[in-house]
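The lines below spell out each chain.
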Amino acid sequence: MLVGAVGKIFLLHLVFLRRTVGESLNEEILVRWNHTVNLLRPKVGPRWAAFVSLAQPQAQMSNVLLIAVPNEYTREVFQNIINKELKEALEASFGAGVFEAIVIDTSLGEDAPSELPASADSSETLAVEPERESFFSAEDRQEQAPSSAQKTAYDVPTTPLSADPGEDVRPSLHDLEAELGQSSPTFAQDPAVHTENFDRVPQEDSRVSHSQGEVSEQATWESSARLNPKYTFDTFVIGQSNRFAHAAAFAVSETPASAYNPLFIYGDSGLGKTHLLHAIGHYAKHLYPNLRVRYVNSEEFTNDFINSIRDDEGSSFKQIYRNVDMLLIDDIQFLAGKEHTQEEFFHTFNALHNHQKQVVITSDMPPKLLTGFAERMRSRFEWGLITDVQPPELETRIAILRKKAQNENLDVPDNVMEYIASNITSNIRELEGALIRVTAFASLNKQKVDRPLAELVLKDLITDDGAQEITATQVLTATASYFDVSIEDLQSKSRNRTLVTARQIAMYLLRELTDMSLPKIGQEFGGRDHTTVMHADRKIRELMAERHQIFNQVTELTNKIKQEQRTQK
Ligand SMILES: Nc1ncnc2c1ncn2[C@@H]1O[C@H](COP(=O)(O)OP(=O)(O)OP(=O)(O)O)[C@@H](O)[C@H]1O
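Description of the structure in this document. (Residues numbered from 1 in each chain as written. Predicted model: local features only at pLDDT ≥ 70, side-chain atom pairs only at ≥ 80, totals over all residues. Heavy atoms only, no water.)

Observations concerning the overall build of the protein chain
Then step 1. For the protein chain, the helix and strand inventory stands at 25 helices and eight strands.
Then step 2. Counting over 569 residues, the protein chain shows a buried share of 55%.
Then step 3. Sequence-distant contacts in the protein chain: of pairs separated by 6 or more residues, those separated by 24 or more amount to 79%.
Then step 4. Approximately 25200 Å² of the protein chain is accessible, and the part contributed by carbon and sulfur atoms is 50%. (Helix = DSSP H or I, 4+ residues; strand = E, 2+ residues; numbered from the N terminus. Buried < 20%, exposed > 50% of the residue type's maximum accessible area, 1.4 Å probe, protein only. Contact = heavy atoms within 4.5 Å. Areas by Shrake-Rupley, 256 points an atom, 1.4 Å probe, with all protein chains shown as cover.)

Observations regarding unusual backbone geometry
Then step 1. In this structure, the amide linkage connecting Asn 261 to the following residue, Pro 262, adopts the cis form with an omega of 0 degrees.
Then step 2. Within the secondary structure layout, Pro 262 lies in the loop between helix H10 (243-254) and strand S4 (263-266).
Then step 3. With a phi angle near 55 degrees, Asp 312 is a residue other than glycine that sits in the positive phi range.
Then step 4. Considering the arrangement of structural elements, one finds Asp 312 in the loop between helix H12 (298-310) and helix H13 (314-322).
Then step 5. Asp 312 sits in the exposed class, given a relative accessible area of 70%.

Section: the site of the ligand
Then step 1. Neighbouring the ligand are 19 residues; Ser 269, Gly 270, Lys 273, Thr 274 and His 275 lie closest to it.
Then step 2. At 3.1 Å from an oxygen atom of the ligand is found a main-chain nitrogen or oxygen belonging to Gly 272.
Then step 3. Note that an oxygen atom of the ligand is positioned 3.0 Å from one of the side-chain N or O atoms of Arg 429.
Then step 4. Taking 620 Å² as the accessible area of the ligand by itself, protein coverage stands at 94%.
Then step 5. Where the shell around the ligand is concerned, the elements lending two or more residues are helix H11 (273-287) and helix H18 (428-444). (Near = heavy atom within 4 Å. Polar contact = N/O pair within 3.5 Å; in protein donor to acceptor, adjacent residues only side chain to side chain.)

Structural notes on the packing of aromatic side chains
Then step 1. As enumerated under the stated definition, the model contains 15 aromatic pairs in all.
Then step 2. Ring geometry for Phe 233 against Phe 250: centres 5.0 Å apart, planes inclined by 50 degrees, an arrangement best described as tilted. Taken together, the positions of Phe 233 in the loop between helix H9 (217-222) and H10 and Phe 250 in helix H10 put the pair 17 residues apart, joining distant regions of the chain. One exposure class covers both Phe 233 and Phe 250, and it is buried.
Then step 3. Taking 5.5 Å as the distance between ring centres and 90 degrees as the angle between the ring planes, the aromatic pair formed by Phe 301 and Phe 345 counts as edge-to-face. With Phe 301 in helix H12 and Phe 345 in helix H14 (residues 339-354), this pair connects stretches of sequence that are 44 residues apart. Exposure class is identical for Phe 301 and Phe 345. Each is buried.
Then step 4. Clustering of aromatic rings is evident, with ring pairs tying together Phe 264, Phe 301, Phe 305, Phe 317, Tyr 321, Phe 345, Phe 349, Phe 373, Phe 381 and Trp 383.
Then step 5. Lying over the aromatic face of Tyr 321, Arg 294 brings its terminal NZ or CZ to 4.9 Å of the ring centre. (Phe/Tyr/Trp six-rings, centres within 6.5 Å; stacked < 30°, edge-to-face > 60°. Lys NZ or Arg CZ within 6 Å of the ring centre and 35° of its normal.)

Details of the nonpolar core
Then step 1. Membership of the largest hydrophobic core comes to 59 residues, with the highest contact counts inside it found for Ile 420, Val 438, Leu 458, Leu 509, Phe 525, Met 544 and Val 554.
Then step 2. Here this core spans two domains, since at least three of its residues come from each of domain 3 (394-453) and domain 4 (472-568).
Then step 3. Residues in contact with Val 438, not counting those within four places in the same chain, are Val 416, Ile 420, Val 449, Leu 453, Ala 454, Val 457 and Leu 458. (Core = buried A, V, L, I, M, F, W, Y, C linked by side-chain atoms within 4.5 Å. Domains from an automatic or database assignment.)

A look at the pairing of strand S7 (residues 358-363)
Then step 1. Within S7, six of the six residues are buried, which leaves it mostly tucked inside the rest of the structure.
Then step 2. A two-sided burial pattern is seen for S7, the buried positions comprising Gln 358, Val 360 and Thr 362 on one face and Val 359, Ile 361 and Ser 363 on the other.
Then step 3. Here S4 runs beside S7; their pairing, made up of four bridges, is parallel. Pairing of Tyr 266 across the sheet is with Ser 363, part of S7.
Then step 4. For strand S6 (residues 326-330) and S7, the ladder comprises four bridges, and the chain directions are parallel. Residue Ile 329 lies in a different strand from S7, and its bridge partner there is Ile 361.
Then step 5. Each parallel crossover has a hand, and for S6 linked through H14 to S7 it is right-handed. (Pairing = 2+ DSSP bridges. Right-handed = clockwise from strand over helix to strand, strands pointing away.)

Brief notes about the packing of helix H17 (residues 414-423) against helix H19 (residues 451-458)
To characterise two packed helices, one gives the angle between the axes of the helices and the distance between these axes.
Then step 1. In the contact formed by H17 and H19, the axes pass within 9 Å of each other and the chain directions differ by 30 degrees. Looking at the two axes, H17 sits roughly parallel to H19. Of the two elements, H17 crosses H19, and the hand of that crossing is right-handed. Taking contact as the criterion, the partners of Asn 415, Val 416, Tyr 419 and Ile 420 in H17 are, on H19, Arg 451, Ala 454, Glu 455 and Leu 458.
Then step 2. Its residues assigned to classes, the contact of H17 with H19 shows five nonpolar, one polar and two charged. (Axes fitted to C-alpha atoms, helices over the stretch in contact; angles between N-to-C directions. Parallel < 35°, antiparallel > 145°, perpendicular 65-115°, else oblique. Left-handed = near helix turned anticlockwise from the far one by under 90°. Nonpolar A, V, L, I, M, F, W, Y, C, P; charged D, E, K, R; others polar.)

Re the sheet that holds S6
Then step 1. Sheet architecture is open: five strands sit in the order S5-S6-S7-S4-S8, paired in parallel fashion. Lying at the two open borders of the sheet, with one neighbouring strand each, are strand S5 (293-297) and strand S8 (385-388). Strand-to-strand twist in this sheet, taken as the mean axis angle between neighbours without regard to direction, amounts to 15 degrees.
Then step 2. Together, S4, S6, S7 and S8 form the strand contacts of H10, whose direction differs from that of S8 by roughly 140 degrees.
Then step 3. Running over the sheet, H12 touches S5 and S6 and is turned about 95 degrees from S5.

Concerning a negative patch on the surface
Then step 1. Together, Asp 268, Asp 364, Glu 469 and Asp 515 give the surface a local cluster of negative charge.
Then step 2. On the secondary structure map, Asp 515 appears in the loop between helix H22 (497-513) and helix H23 (518-524).
Then step 3. When its relative accessible area of 48% is taken as the criterion, Asp 515 is described as partly exposed. (Patch = residues over 30% accessible without salt bridge, like charges linked within 9 Å, V, L, I, M, F, W, Y side chains within 5 Å. Salt bridge = Lys/Arg side-chain N within 4 Å of Asp/Glu carboxyl O. Lys, Arg positive; Asp, Glu negative; His and termini not counted. Charge placed at Lys NZ, Arg CZ, Asp CG, Glu CD.)

Structural notes on helix H24 (residues 530-546)
Then step 1. Taking 1.5 Å per residue as the helical rise, H24 with its 17 residues ought to reach 24 Å, and the 25 Å between its terminal C-alpha atoms agrees with that figure.
Then step 2. Here H24 has its buried residues at His 530, Val 533, Met 534, Ala 536, Asp 537, Ile 540, Leu 543 and Met 544. (Expected span 1.5 Å × (residues − 1).)

In short, the description is geometric, and any link to function would need to be established separately.
What follows is the structure in structure tokens.
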């Protein structure tokens, strides 16, 4: 009963959030936020008041208020310099027990300062306590993060706003409205406040260091969390299509098992679900270094389960999956119809949930539409928060390409990014693939990247393919015939040089041209591990920019597969 009620409350939150995030922000939150801002500005003084006006409330979920700020630096200011004042103002406006989750939304202010003002020794306008100032280094951050011994439920306030329905601890909206007055400006809407102060911010001091992307790739991947170092919040571009999912993911990392449990993210292939899942793990581990996080694809979960039965090691399976603080499970749809694995997952889920451990799930469908799942399983998926990711709109696609180019040190003019982003619209993996091809071709031929070159390279990739899907069989058949080998050869364990290349190219093409997950692709090659597929994918991407032959082989094969697909329509 209680559980059902909790589920309903969270679903109501979802509906509420949809409204607040997707359309207009709930008026009550705005009023309370304006009140917060009014309290905060005089307390923090002119230097930091300008930062306050850059923030905007996004939504309130239970006792968590999501606040968006334009960049990491502003977040640091909120979290470390004016945090005490913020908490007091929030309490006065939203009531006791409400705490903030601060997310970054770059669209909020491109002019916002991204560095610490040189003269900002903090003593000028706000008496900053030494320990808060010291938060400006990554090491300090680590030191201040709670150790597992100190933590109870990750040290987050646990009193939800509505903990006791009979006792509303919030100040009344009426009081706040009265206090604010009808004509009181919303600071976030006041352009004068946005620009005020920032012109004089010197561009120096890089003490704000973000270590989450700096961890050694090998070390991280090999750790039990199994997180891909490239998939962090830093590398994730926020747009209209994923804003809500990002905010929810962020809140979960900041307050595991407190904000929503489970968090269920669904959407079509290649739209960033896996990326968000890994980002949650990275950031949660960054904030709580002792947190035990485990990322797993549902197919690997199935394999682990089956192997544990085969090897009579059920207890070690339970040990692995039930002794985590955060389970990140990808592509849950692959458990469809797998009765016994589902049963095991059901118990794993219950064990974790009952012990206030966070579960995050991704899927290609919302829980209600997941076929092949027991009802009790689906209803559990609905206990927490459900959110989707949509295909990104043009601006976000361009921003993703820009970020990708920046991360990989690729020099790509704007009009080329626009061309790619205008033509590849529904899958971010394909978007990235197109960018790689164009830059690889330019590098191989020592040409500069420009629009005619992009059109030439992508002429066969950018076609109206209709809804027809490319299948694994098509890719394997085409690759085998191209290299004059058999499909069995591709699937074999042979290390023959030609076969290794052919196999890796086939894996790369399956990744780029189909919706198949890494484990699923591995299965097509005699049950190889998903990390082998990841390795092949990365290797071919690199080789395409280094070796003409590989670039040509990949391009010719892609064209061949696409042509076949068109003739079949
Ligand atoms: N908003 C984003 N910002 C930056 N990169 C993104 C974003 N969304 C997706 N990507 C990139 O697109 C690629 C595909 O994303 P991802 O694997 O997370 O998709 P997915 O939804 O999990 O797909 P599938 O369901 O097929 O597993 C990844 O390289 C990821 O980093």
